[in-house]
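Residues per chain are reported as follows:
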Protein chains: 4
Amino acid sequence: MSKGTVVLAYSGGLDTSCILVWLKEQGYDVITFLANVGQDEDFKAAKDKAETLGAKKVFIEDVRAEFVEDFIWPALQANAIYEDRYLLGTAIARPCIARKLVEIARREGAQFISHGATGKGNDQIRFELSCYALYPEVKVPPWSMDANLMHISYESGILENPKQHAPADLYMMTKNPEDSPNSADVLEIEFKNGVPIKVVDVKQGTSKSSPLDIFSYLNLIGGNHGVGRIDIVENRFIGMKSRGIYETPGGTILLKAHLDIETFTMDKEVRRIKQGLGIKFSELVYNGFWYSPECEFVRHCINKSQENVEGKVQLSIFKGQVYILGRESPKSLYNEELVSMDVQGDYDPCDASGFIRINAVRLASPQPAQSSLSMELF
Amino acid sequence: MSKGTVVLAYSGGLDTSCILVWLKEQGYDVITFLANVGQDEDFKAAKDKAETLGAKKVFIEDVRAEFVEDFIWPALQANAIYEDRYLLGTAIARPCIARKLVEIARREGAQFISHGATGKGNDQIRFELSCYALYPEVKVPPWSMDANLMHISYESGILENPKQHAPADLYMMTKNPEDSPNSADVLEIEFKNGVPIKVVDVKQGTSKSSPLDIFSYLNLIGGNHGVGRIDIVENRFIGMKSRGIYETPGGTILLKAHLDIETFTMDKEVRRIKQGLGIKFSELVYNGFWYSPECEFVRHCINKSQENVEGKVQLSIFKGQVYILGRESPKSLYNEELVSMDVQGDYDPCDASGFIRINAVRLASPQPAQSSLSMELF
Amino acid sequence: MSKGTVVLAYSGGLDTSCILVWLKEQGYDVITFLANVGQDEDFKAAKDKAETLGAKKVFIEDVRAEFVEDFIWPALQANAIYEDRYLLGTAIARPCIARKLVEIARREGAQFISHGATGKGNDQIRFELSCYALYPEVKVPPWSMDANLMHISYESGILENPKQHAPADLYMMTKNPEDSPNSADVLEIEFKNGVPIKVVDVKQGTSKSSPLDIFSYLNLIGGNHGVGRIDIVENRFIGMKSRGIYETPGGTILLKAHLDIETFTMDKEVRRIKQGLGIKFSELVYNGFWYSPECEFVRHCINKSQENVEGKVQLSIFKGQVYILGRESPKSLYNEELVSMDVQGDYDPCDASGFIRINAVRLASPQPAQSSLSMELF
Amino acid sequence: MSKGTVVLAYSGGLDTSCILVWLKEQGYDVITFLANVGQDEDFKAAKDKAETLGAKKVFIEDVRAEFVEDFIWPALQANAIYEDRYLLGTAIARPCIARKLVEIARREGAQFISHGATGKGNDQIRFELSCYALYPEVKVPPWSMDANLMHISYESGILENPKQHAPADLYMMTKNPEDSPNSADVLEIEFKNGVPIKVVDVKQGTSKSSPLDIFSYLNLIGGNHGVGRIDIVENRFIGMKSRGIYETPGGTILLKAHLDIETFTMDKEVRRIKQGLGIKFSELVYNGFWYSPECEFVRHCINKSQENVEGKVQLSIFKGQVYILGRESPKSLYNEELVSMDVQGDYDPCDASGFIRINAVRLASPQPAQSSLSMELF
């Protein structure tokens, strides 16, 4: 008799294949789920393998569009970066996959969920926190020793020495900038509510306007120019440091474009508060708390801040870099006349002097500034 | 009879030359001061010009070394960036120049200080706040209409339209990445207390070790590879937005290297707090409050956080980009054994499960997680 | 011929009466506006006086209900306290009065607004920032020397010495606790969306349910028991310190009740973020930025956080103190079963141990904890 | 043969007595340690009991003076309050006891530490995090089911219903304000570096000057007047809410006095930053992270901020309340002349107008303020 049904987040690799077999041996019915979040994978082969290994049902779903719209876009609005550098590509995929995993488990009446993430990484935490939040009565079994074996790879071994340089052939999504095109591509990205609604390739004349198309196209262009490679040591949720190498071509382009249009259209002080909320958002997402009251609250606040973040940013992409060229917006708070050095307008220079002297009252203590006397002299 | 003595921050340009003449006409004795903060200028010619125009005394001082050590290094320790992008190159030069200006005014018994910064920019604020803080009884006269004329240039006119692309020949310190070398330079930067103490050019075999030499060399290398160009719209202290184009080759390299060695050697939670202090520091400096009790307090705290920030970072510089290659440190908090997937060590995977379930207690409300039951099953 | 029309925020006192006369003498038409924000005043007498002094029109409006609903309630939701103690009673009245003042000025076609607040206080700033935000093209003339005379009082003179104790007969709204009743009053305050919707006097059996009635009743009860007196030195926006004595009976009761029901019904981490926003809100309001993009943004976020802040708080009021007795809520996040020491329930003590050991991984560096070994022993 | 030596934090109560017996039965040698942190206890009887039950050694130590100086004083400097109300009395005692516990364990060569704190409270976490931080290789066994029984008490049972009022006879340290003296006591507390160095009872003429004497005397006076009772629902580290009733007479008096002298002597903007650090400190201490790099860093920063926090505060204590009467300090930043309405001095009212208009530039968008025109009119 079956001990119950497990939905297994299946990757098609050695690791989760081992878990599948082991769960069967322990007496469970196993349903595998493989999410297409844009990874380069032979989904047909993975399906066949799972069936061969005894999966009762095999689900493969393309969640790319919802990944872009429901997870990447909010992160972009937040300018989400962990520890000043990491764009959280893995951390935001986990709640997307977990949501679908829970949906299947509920629909199929499964009492258990399993995955291949190891106990030392953040991914176990992200997966399990998401599952507990969405399906509190589910059981997520502790990972087994075996699962450790799956994540070992030649690359990992070398990279664990933080001094060791990454091998040149490590990267999959991005060209080596040394081999990338010798002339720049120029793009115009249009935003509304802080998310891109259109990308125009200025030289080619082509344009993309669905979220998935926009993101895929930026990955293509960014990847071709070697954009978005970083090598960092980061702090995991559980406190230990780990070395990570990431490549995020499309996300890097969008982050720079969003930063530009945001500062162009958002009030200075609103942005200061929003900047703090964005840092908080990044930590929450990194640590696995996408589905939490506080992350929902922060997303609501950030979303509110994006109401007027719209307009077009022009940028060039070249040899690993993204250069902002110009921007325009119907919601611009930039006042060309006020900023001009030619036109005096309504701005009274005496006001600036008063502003400065008042700000200096506190600085000059304990001898108070006698600045007002200078008024008589000039 | 003289109305008093003014120390004028003299640039040698049309603007401050006009102020010099005007102050003389108003009946003041004028002492000019020209600080060498590394700008490209004919100091001899400027001296001659000031004397010809009637300056009573002419001072020119090389403050480059103190600029690097007393102002750039603290900003680097803070990872100081304004609004996520601007490295504050102008903002930290002002308090350096103002300090010397006040020193001369006090020594020469001058009652007045004057400068050519205009009323709409941040620089008037930075100059005057610094002067009032250091020399409360000094008088800084309001800027005149004429001063406006000095800052108008062909470039400014065009750039005021935020949509207009910057002309290719605008940049002085950095090569266009399209024309920069086709092979990377590799550097090793060594830090102690969060500031660089040595730079080695790995290919050339050369090395630099005084602060000024280190910074100058990084400017040279970074400039040659087109590193550190940005085009942003920023929020001035007084609320209006302005478009700025900056090039910061050496500073950009150091920021990336410092971020790397800092995360490698600093405790995760200390860094989170320090990150907030760094954002505060950046705002204070941008707004002109270098000489304020709060900025002094923040610098003290940040300096404390840098005690263990030491080690070597290897990086390559290529086509406008800075790539981190590896790092090592005697103060590393990176635990290679703990992080390894091979070695189990003292890290108990059950602990991770407990950690996750406790974190999920709050998320699963109002239906409390029945996760403990799963213990029996697996 | 008239130089234009001024709407004067008129208090009926010597100060604004002087301004009225002076404005007339300068050739302006003057409209006076006197807002009833709950102060103890003979409004009929003030009206007669203004007319006698030559006001062209005299407006008196009761803005008490909108003061409570539009200004006090948002401050309550924020738990707004400036510098840990001041409940911002003055700071939130200013934007309420200024809104009405601007409404009248626009309706009557007045080009000028005037008030009697002095240049050293925060009130000038609050008034003028509110007016400029709501009516950018209005002109607010600089205050005159005469206006200074209005705020001088025997009390002020004494209190300016921060060491001097306040005289016993200073207070108007609150009884001296030494003379207050010798038995407590017990109240039950019901909240919804973070604002009170009902107050029941448990002993008397009476209840109040409109915002104005609720606040007035709490002032009455609090005042009778001497609640809400503070003597503080505070930091004004412009940097100088000033000594202030405040009495806020109803506000103090509500703050304590709101803190209680909020923590009872709001998620821990949401509340942490909201606490930071509340501190920001307090600073903005204190400094006069009620009508600013950032204050509007913060109010929106805080309001969102209050969605589930509902329930009843019981408290006793006695001799200057407010004691929380108990609370209940349909939205309570308090889990009586989980918290009980009797019932084990679904909470696994092993999880807590794992949670602790994972948290300690970082603390034990550089000698990693060998805590997992202890598992075998017990 | 012994399985090893355990140092047990012994309370003399039923709970830890059970643990002592159980540990003996399991084959361990048990050393008991009872810390005198000022609780009301018969230490002689506890010693006898431990010996009777088979403790190999019995240590009792008076740690009151170091508790006040090393733990209460830093919390006071931070104005440490958890969730706006709780003064952290328990949370700061744990690291004090744990430090001594570890000292004994190291000295006696014990491999194990045990305590009676239960798995649902914060105290288990605080104890164990402190022990792991100070003695990484120690083993702290998971608590047993039995330990649960110890903490059940009649009071707890009732209080777990958050609506239930606390019984009148619950409190031990503080008199019911209804029964407290009908006349106030007046105290003068002198601070240096942000900690009290002297208390004078103004009516009695007595004074205290050692840390322990000061704190004990304030507990006596505060307790006699019923100061410091609170009834709150708080958020535990592990996410669940719990209802707590606390009485903190001396701590409440000191918090109010410290807030007063701090604002009197500390720069406004330094205090804003320090306020954020104080909130962080409170969370860290509440959660058990006293011995952590981040808490050490925050303590260092807070301590730096207290350099000029000195002077005398006069206050009256009456019927549960603490009233500030006045303050004086050689380091006062309060400028009596500047604040006075009588004296104009060096403060130019025009500066305030300029200050306000500059602050309003941003608020009036998109129609820029034409405020400068008003200059001509008045």
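Residues numbered from 1 in each chain as written. Chains lettered and ligands numbered in written order. Predicted model: local features only at pLDDT ≥ 70, side-chain atom pairs only at ≥ 80, totals over all residues. Heavy atoms only, no water.

Novice: Requested: an account of the environment of I189 of chain D, with residues and values cited.
Specialist: Here I189 of chain D shows up in strand 5 (residues 185-192). Residue classification places I189 of chain D among the buried positions, given a relative accessible area of 0%. (Helix = DSSP H or I, 4+ residues; strand = E, 2+ residues; numbered from the N terminus. Buried < 20%, exposed > 50% of the residue type's maximum accessible area, 1.4 Å probe, protein only.)

Novice: Outline the interface of chain B and chain D, supporting the account with residue identities and numerical values.
Specialist: Facing the 19 residues of chain B at the interface are 19 residues of chain D. Overall, the association of chain B and chain D removes approximately 2000 Å² of surface from exposure, summing both partners, and the carbon and sulfur fraction of that is 79%. At the boundary of chain B and chain D, one finds 0 salt bridges. On inspection of chain B and its partner chain D, the count reaches 1 residue pair in polar contact (both at pLDDT 80 or more). Secondary-structure elements contributing two or more residues to the side of chain B that touches chain D are helix 10 (268-287), helix 11 (293-305) and helix 13 (349-361) of chain B. Here the element with the most residues in the side of chain B that touches chain D is helix 11 of chain B; it accounts for 8 residues. By residue class, the composition of the side of chain B that touches chain D is 10 nonpolar, 3 polar and 6 charged. (Contact = heavy atoms within 4.5 Å. Buried area = accessible area lost by both parts, 1.4 Å probe. Salt bridge = Lys/Arg side-chain N within 4 Å of Asp/Glu carboxyl O. Polar contact = N/O pair within 3.5 Å; in protein donor to acceptor, adjacent residues only side chain to side chain. Nonpolar A, V, L, I, M, F, W, Y, C, P; charged D, E, K, R; others polar.)

Novice: So what's going on with the packing of helix 8 (residues 211-224) of chain C against helix 9 (residues 249-265) of chain C? Which residues, and what values?
Specialist: Residue and element names in this part refer to chain C. Running from N to C, helix 8 and helix 9 cross one another at 100 degrees; their axes reach a closest spacing of 7 Å. Taken together, the axes of helix 8 and helix 9 are roughly perpendicular relative to one another. Side by side, helix 8 and helix 9 meet where F215, L218, N219, G222 and G223 of the first sit next to P249, G250, G251, I253 and L254 of the second. For the contact of helix 8 with helix 9, the per-class residue count stands at 5 nonpolar, 5 polar and no charged. (Axes fitted to C-alpha atoms, helices over the stretch in contact; angles between N-to-C directions. Parallel < 35°, antiparallel > 145°, perpendicular 65-115°, else oblique.)

Novice: Can you lay out the pattern of salt bridges for me, pointing to particular residues and giving the numbers?
Specialist: As enumerated under the stated definition, the model contains 96 salt bridges over all chains in all. Here E310 of chain C makes a salt bridge to K192 of chain C, at a shortest N to O gap of 3.5 Å. Remark: K192 of chain C occurs in strand 5 (residues 185-192) and E310 of chain C occurs in the loop between helix 11 (293-305) and strand 10 (311-318); sequence separation between them is 118 residues. Take E310 of chain C: its relative accessible area is 12%, and that puts it in the buried class. For K192 of chain C, a relative accessible area of 40% corresponds to the partly exposed category. E283 of chain D is the salt-bridge partner of R272 of chain C, the closest N and O atoms lying 3.0 Å from each other.

Novice: How would you explain the relation of the copies chain B and chain D if you had to name every residue and give the values?
Specialist: Under the fitted operation, chain B is carried onto chain D by 0.0 Å of movement along the axis and a turn of 180 degrees, and the coordinates agree to an RMSD of 0.0 Å. In short, the pair behaves as if placed about a two-fold rotation axis. In terms of proximity to the rotation axis, the leading residue of chain B is C301 of chain B, whose C-alpha is 2.8 Å off the axis. Most of the interface of chain B is mirrored in chain D, where 100% of its interface residues are also at the interface. (Least-squares fit on C-alpha atoms with pLDDT ≥ 70 in both.)

Novice: Outline the packing of helix 10 of chain B against helix 11 (residues 293-305) of chain D, supporting the account with residue identities and numerical values.
Specialist: A pair of packed helices is captured by two measures, namely the crossing angle of their axes and the spacing between those axes. It is at 7 Å that the axes of helix 10 of chain B and helix 11 of chain D come closest, and there the two elements cross at 40 degrees. By the criterion of interaxial angle, the relationship of helix 10 of chain B to helix 11 of chain D is oblique. Between helix 10 of chain B, through E269, V270, I273 and L277 of chain B, and helix 11 of chain D, the contact on the second element is made entirely by P293, E294, F297 and V298 of chain D. Looking at the contact of helix 10 of chain B with helix 11 of chain D, its residues break down into 6 nonpolar, no polar and 2 charged.

Novice: Lay out the sheet that holds strand 4 (residues 112-114) of chain D in plain terms, naming residues and giving numbers.
Specialist: Within a sheet, neighbouring strands are paired by backbone hydrogen bonds and run either parallel or antiparallel to one another. Residues and elements named next belong to chain D. Pairing within the open sheet is parallel, and its 4 strands lie in the order 3-2-1-4. Edge positions in the sheet fall to strand 3 (57-62) and strand 4, since each of these pairs with one other strand and no more. Shown here is a sheet whose adjacent strand axes are inclined to one another by a mean of 20 degrees, direction ignored. Bridge count between strand 1 (residues 5-9) and strand 2 (residues 29-36): 5 bridges; the pairing is parallel. When the bridges of strand 2 are listed, V6 appears paired with V30. (Pairing = 2+ DSSP bridges.)

Novice: Describe in detail the side chain of Q77 of chain A, supporting the description with residues and values.
Specialist: Residues and elements named next belong to chain A. As for its position among the elements, Q77 is in helix 3 (residues 64-77). Q77 gets classed as buried once you look at its relative accessible area, which sits at 7%. Only 2.7 Å separates the side chain of Q77 from the backbone oxygen of N193, close enough to count as a polar contact. Each residue touching Q77, except ones within four places of it in the same chain, is listed here: N193, G194, V195, H258, E262, K274, I302, N303 and Q306.

Novice: Talk me through helix 2 (residues 43-52) of chain C; I want residue IDs and the actual numbers.
Specialist: Residues and elements named next belong to chain C. Residues of helix 2 that are buried: F43, A46 and A50. The buried residues of helix 2 occupy an angular sector of 55 degrees when projected down its axis, which confines them to one face. Structural note: helix 2 exposes K44 and T52 on the side pointing more than 90 degrees away from its buried face. Elements in contact with the buried residues of helix 2: helix 1 (14-25), strand 2 (29-36) and strand 3 (57-62). Capping the start of helix 2, D42 holds a side-chain oxygen 3.2 Å from the backbone nitrogen of K44, two or three residues further along. G54 lies just past helix 2 and shows a positive phi near 105 degrees. (Arc of directions from axis to C-beta.)

Novice: Account for the packing of aromatic side chains, with residues named and values stated.
Specialist: Residue and element names in this part refer to chain A. With the rule as written, the count across this model stands at 22 aromatic pairs over all chains. When the ring of F71 is compared with that of W290, the centres are 4.8 Å apart and the planes differ by 40 degrees; the resulting orientation is tilted. Of this pair, F71 sits in helix 3 while W290 sits in the loop between helix 10 (268-287) and helix 11 (293-305), and the two are 219 residues apart along the sequence. Of the two residues, F71 and W290, neither departs from the other in class, the shared state being buried. (Phe/Tyr/Trp six-rings, centres within 6.5 Å; stacked < 30°, edge-to-face > 60°.)

Novice: Account for the sheet that holds strand 4 (residues 112-114) of chain B, naming residues and giving values.
Specialist: Residues and elements named next belong to chain B. Strand order across the open sheet formed by 4 strands is 3-2-1-4, with parallel pairing between neighbours. For this open sheet the edge positions go to strand 3 (57-62) and strand 4, each flanked by a neighbour on one side alone. When strand polarity is set aside, the average angle formed by the axes of neighbouring strands in this sheet is 20 degrees. When strand 1 (residues 5-9) meets strand 4, the two strands line up parallel, connected through 3 bridges. Bridge pairing in strand 4 links V6 to F112.

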